[in-house]
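Now for the letters of each chain:
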Amino acid sequence: MKIIMLGAPGAGKGTQAKMIADKYQIPHISTGDIFRANIKNGTELGQKAKTYMDQGLLVPDELVVDLVVDRVKQDDCANGYVLDGFPRTIPQAESLDAALAKFEDTIDYAINVEVPDENIVRRMSGRRACVACGATYHIVHIPTKVEGICDRCGKELILRDDDKPETVQKRLGVYHEQTQPLIDYYTNKGCLVEVDGTKDMNEVFSDIVDILSK
Ligand code: AP5
Ligand code: MG
Ligand code: ZN
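Residues numbered from 1 in each chain as written. Chains lettered and ligands numbered in written order. Predicted model: local features only at pLDDT ≥ 70, side-chain atom pairs only at ≥ 80, totals over all residues. Heavy atoms only, no water.

Our next topic: the overall build of the chain. The helix and strand tally for the chain stands at nine helices and seven strands. Taken over the C-alpha trace, the chain has a radius of gyration of 16 Å; the compact-globule value for 214 residues is 17 Å, and the two agree within 12%. In terms of overall dimensions, the chain has a C-alpha envelope of 45 × 40 × 35 Å along the principal axes. Across the 214 residues in the chain, those meeting the buried criterion constitute 47%. Pairs at least 24 residues apart make up 69% of the contacts formed inside the chain by residues separated by at least 6 positions. For the chain, the exposed area adds up to about 11,000 Å²; of that, 49% sits on carbon and sulfur atoms. (Helix = DSSP H or I, 4+ residues; strand = E, 2+ residues; numbered from the N terminus. Rg over C-alpha atoms; globule rule 2.2 N^0.38 Å. Buried < 20%, exposed > 50% of the residue type's maximum accessible area, 1.4 Å probe, protein only. Contact = heavy atoms within 4.5 Å. Areas by Shrake-Rupley, 256 points an atom, 1.4 Å probe, with all protein chains shown as cover.)

This is the structure we're talking about:
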């Protein structure tokens, strides 16, 4: 099962992608997580990506396309994967399709997690993330057992640099301009499905499972 998560920043793509990956035993591939890991490790890719990410801008397509195309060719992706945060532009989507077409392959579902802009800023300021294992929490909706400490791996949680309210506004603008057109793109391909991302995260997940098991 090859799945793409679509939705605004903070819609819950990462939260749902992790649950899908666990249930269906397929890799969760988050380009945002890959960039953050590279920033943390001080790689050249991380340094390049950070200048864009901190401003709420997209990283240039050429820095992300090959990375994902190479990743989905690896053995653990043979039974599928869930892409989170990629594609984010029409050229990225076209590059992915072209790469899959070489193996007569296509995406099965593009899941659009719908959340209105008003809800987003509120969610983001409460988000806490674990850079060590990729887990995501929310100080109100999804709290950790010990404040500031990851339940899963025990490392310290961070507030992402790009979750400041003004940067979130910028990311929303970039989303509407560059990423929202993908909704039409995947509608035309016949694989777009939509879920209401304002529901509780477990309800959103059960809506997704219903769709995937049809
Ligand atoms: P990325 O890391 O992908 O960020 P994003 O798309 O802005 O999405 P987020 O991770 O902020 O939100 P999410 O939808 O995953 O929500 P989450 O589940 O965490 O990208 C970061 C940056 O990297 C980009 O801005 C760009 O610069 C660069 N980049 C990445 N990929 C790129 C690409 N392909 N091309 C170019 N540049 C790229 O949930 C949010 C919060 O809400 C959490 O606190 C969560 O606990 C909580 N929550 C989740 N679900 C619910 C719910 N149902 N109810 C209440 N709270 C909930
Ligand atoms: Mg995410
Ligand atoms: Zn952790």
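Attention shifts here to the coordination of the zinc ion (ligand 3). Taken together, Cys130 (SG), Cys133 (SG), Cys150 (SG) and Cys153 (SG) make up the full set of protein donors to the zinc ion (ligand 3), lying 2.3 to 2.4 Å away. Each of the four donor atoms around the zinc ion (ligand 3) contributes to a set of angles spanning 101 to 116°, which defines the coordination as tetrahedral. Mapped onto the sequence, the residues coordinating the zinc ion (ligand 3) show the spacing C-x2-C-x16-C-x2-C. Judged by its relative accessible area of 3%, Cys130 falls in the buried class. On the basis of relative accessible area, Cys133 is assigned to the partly exposed category, the value being 26%. (Donors = N, O, S within 2.8 Å, 3.2 Å for Na, K, Ca; no water. Tetrahedral: all angles 85-135°; square planar, octahedral: opposite > 155°, others 65-115°.)

All right, on to the environment of Asp184 then. By secondary structure assignment, the location of Asp184 is in helix α8 (residues 181-189). Since its relative accessible area comes to 53%, Asp184 is described here as exposed. For the pair Asp184 and Thr15, spaced 169 residues apart in sequence, the C-alpha separation works out to 24 Å.

So, about the layout of surface pockets. A volume near 400 Å³ is recorded for the second largest pocket. Looking at the lining of the second largest pocket, the elements with two or more residues in it are α1 (13-24) and β6 (136-138). Here the lining of the second largest pocket takes five residues from α1, the largest share from any one element. Grouping the constituent residues of the lining of the second largest pocket by class yields nine nonpolar, four polar and three charged. (1 Å grid on protein atoms, 1.4 Å probe; cavity = no way out; pocket = protein on both sides within 12 Å on 5 of 7 lines; lining within 4 Å. Points joined across faces, edges and corners; volume = space filled by probe spheres on them. Nonpolar A, V, L, I, M, F, W, Y, C, P; charged D, E, K, R; others polar.)

Residues in close proximity to ligand 1 total 36 residues, the closest being Thr15, Leu57, Arg88, Arg127 and Arg171. Side-chain polar atom of Arg123 to a nitrogen atom of ligand 1: 3.4 Å apart, as the coordinates give it. Lys199 is positioned with one of its backbone polar atoms (N or O) 2.8 Å from a nitrogen atom of ligand 1. If you list the elements that add at least two residues to the shell around ligand 1, you get α1, α2 (31-40), α6 (117-126) and β6. Take the shell around ligand 1: its biggest share by element is four residues, from α2. Looking at the shell around ligand 1 residue by residue, the class counts come to 14 nonpolar, twelve polar and ten charged. (Near = heavy atom within 4 Å. Polar contact = N/O pair within 3.5 Å; in protein donor to acceptor, adjacent residues only side chain to side chain.)

Everything listed here is a matter of coordinates, which is why it stays silent on function.
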